[in-house]
Amino acid sequence: LKSADIGSRAIEIVFQSVTSVPLNLVWLNQQGVEVDNGPIEIRDRRSLTTYAGHVFRAYTQGHPRILVSEFAVSQDLPNSKVVLLRDCDGVSAEEPLVSADYGLLVHDPKVPCLPAGNSSPWSCIRSVSAKEQQGRSPSRFGFASAEEAL
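Residues numbered from 1 in each chain as written. Predicted model: local features only at pLDDT ≥ 70, side-chain atom pairs only at ≥ 80, totals over all residues. Heavy atoms only, no water.

### Observations concerning the overall build of the protein
Put simply, the rule is: Numbering of helices and strands runs from the N terminus; a helix is a DSSP stretch of H or I covering at least four residues, while a strand is a stretch of E covering at least two. Only protein chains enter the area calculation, which uses a 1.4 Å probe; residues under 20% of their type maximum are buried, those over 50% are exposed, and those in between are partly exposed. Whether two residues are in contact is decided by their heavy atoms, any of which lying within 4.5 Å being enough. Reported accessibility uses the Shrake-Rupley method at a 1.4 Å probe radius. Residues are deemed covered only where the shown protein chains occlude them.
In terms of regular secondary structure, the protein is built from one helix and seven strands. Each helix (α) and strand (β) of the protein, taken in turn from the N terminus, gives the series β-β-β-β-β-β-β-α. The buried share among the 150 residues of the protein stands at 29%. Contacts in the protein between residues at least 24 apart in sequence constitute 63% of all its contacts with a sequence separation of at least 6. Counting only carbon and sulfur atoms, one obtains 53% of the accessible surface of the protein, whose full area is about 9,800 Å².

### Quick notes on the side chain of Ser69
Among the secondary structure elements, Ser69 is positioned in strand E6 (residues 67-72). Sequence-distant contacts of Ser69, defined by excluding residues within four places in its chain, comprise Phe56, Arg57, Ala58 and Leu85.

### Comments concerning the environment of Ser74
The residue Ser74 is located in the loop between E6 and strand E7 (80-85) in this model. Take Ser74: its relative accessible area is 28%, and that puts it in the partly exposed class. In this structure the C-alpha to C-alpha distance between Ser74 and Gly7, which are 67 residues apart in sequence, comes to 8.9 Å. Residue contacts for Ser74: discarding those within four places in its chain leaves Ile11 and Ala52.

### Topic: the packing of aromatic side chains
Think of a pair of aromatic rings as described by two things: how far the centres are apart, and how the planes are tilted against each other in angle. Heads up, the rule is: Stacked, tilted and edge-to-face are the three classes applied to pairs of Phe, Tyr and Trp rings, where Trp contributes its six-membered ring and a pair requires centres within 6.5 Å; stacked means planes under 30 degrees apart, edge-to-face means over 60, and tilted covers the rest. We call a charge positioned above a ring when the Lys NZ or Arg CZ atom is no farther than 6 Å from the ring centre and deviates by at most 35 degrees from the ring normal.
One pass over the structure, following the stated rule, counts two aromatic pairs. Between Phe15 and Phe56 the ring centres are 5.4 Å apart and the planes differ by 55°, which places this aromatic pair in the tilted class. Placement of the pair is Phe15 in strand E1 (residues 11-17) and Phe56 in strand E5 (residues 55-60), with a sequence separation of 41 residues. Residue class for Phe56 comes out buried when judged on its relative accessible area of 3%. On the numbers, 6.3 Å between centres and 85° between planes, the contact of Phe15 with Phe71 is edge-to-face. In this pair, Phe15 is assigned in strand E1 and Phe71 in strand E6, connecting sequence segments 56 residues apart. For the residue pair Phe15 and Phe71, the accessibility class agrees, reading buried in each case. The rings of Phe15, Phe56 and Phe71 are connected pair by pair, giving a single aromatic cluster. Taking the ring centre of Tyr59 as reference, the NZ or CZ of Arg65 above it sits at 3.6 Å.

### Examining the sheet that holds strand E4 (residues 45-50)
Note the following rule: One bridge is not enough; two strands pair if DSSP finds at least two bridges between them. Working convention: axes come from line fits to C-alpha atoms, limited for helices to the stretch in contact. Angles between N-to-C directions cover 0 to 180 degrees.
Strand order in the open sheet formed by three strands is E4-E1-E7, and the pairing between neighbours is mixed. Both edges of this open sheet fall to E4 and E7, since each of them pairs with a single strand only. Direction aside, neighbouring strands of the sheet carry axes that sit 20° apart on average. With six bridges connecting them, E1 and E7 associate as parallel partners.

### Overview of the sheet that holds strand E2 (residues 23-28)
A sheet is described by the order of its strands in space; here four strands give the open sequence E3-E2-E5-E6, paired in antiparallel fashion. Looking at which strands have only one partner, the edges of the open sheet turn out to be strand E3 (34-40) and E6. Taking the axes of each pair of neighbouring strands and ignoring which way they run, one obtains an average angle of 20° across the sheet. As paired strands, E2 and E5 are joined by six bridges and run antiparallel to one another.

### Some words on unusual backbone geometry
Peptide bonds are mostly trans, and most non-glycine residues show a negative phi. Phi angles above zero are rare outside glycine, and Arg43 is one such case at about 55°. Relative to the helices and strands, Arg43 is located in the loop between E3 and E4.

Encoded structure:
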């Protein structure tokens with residue numbers, strides 16, 4: 001397996017670890033040689049810009065090195081994509097993961113939501129001014145009453 005250059009459109013990939021062990025991310029170059037992209041700590045994320053046709057692998061750190069995930073960037077992806085890296089057979093978890101770990105996927109509010117102007121792939125929160133919020137119809141956005149907001 002190796003990367004191929006099949007697209008010129010930049011795609012942001014966020015590798016989000018929901019594993020219980022630290023990982024190491026590698027990119028497979030056009031010759032199939034693994035190029036180190038550095039560690040991803042337990043329940044951390046790594047964001048990078050890449051292109052269609054590129055291939056990445058995530059391994060456990062240390063020995064034996066276990067392949068946890070392999071991801072090929074396809075041409076039909078949106079401009080940004082979150083790839084969840086999960087524990088698998090052979091990976092010893094130090095503590096179990098629970099569905100409450102969804103909080104790990106919260107978008108950094110200091111980073112803009114991409115692609116701008118197209119909210120369909122967004123998994124982030126967009127802050128709005130108080131004036132814009134007051135101008136919204138409560139039946140279309142947010143809570144209908146103050147009690148529901150609690």
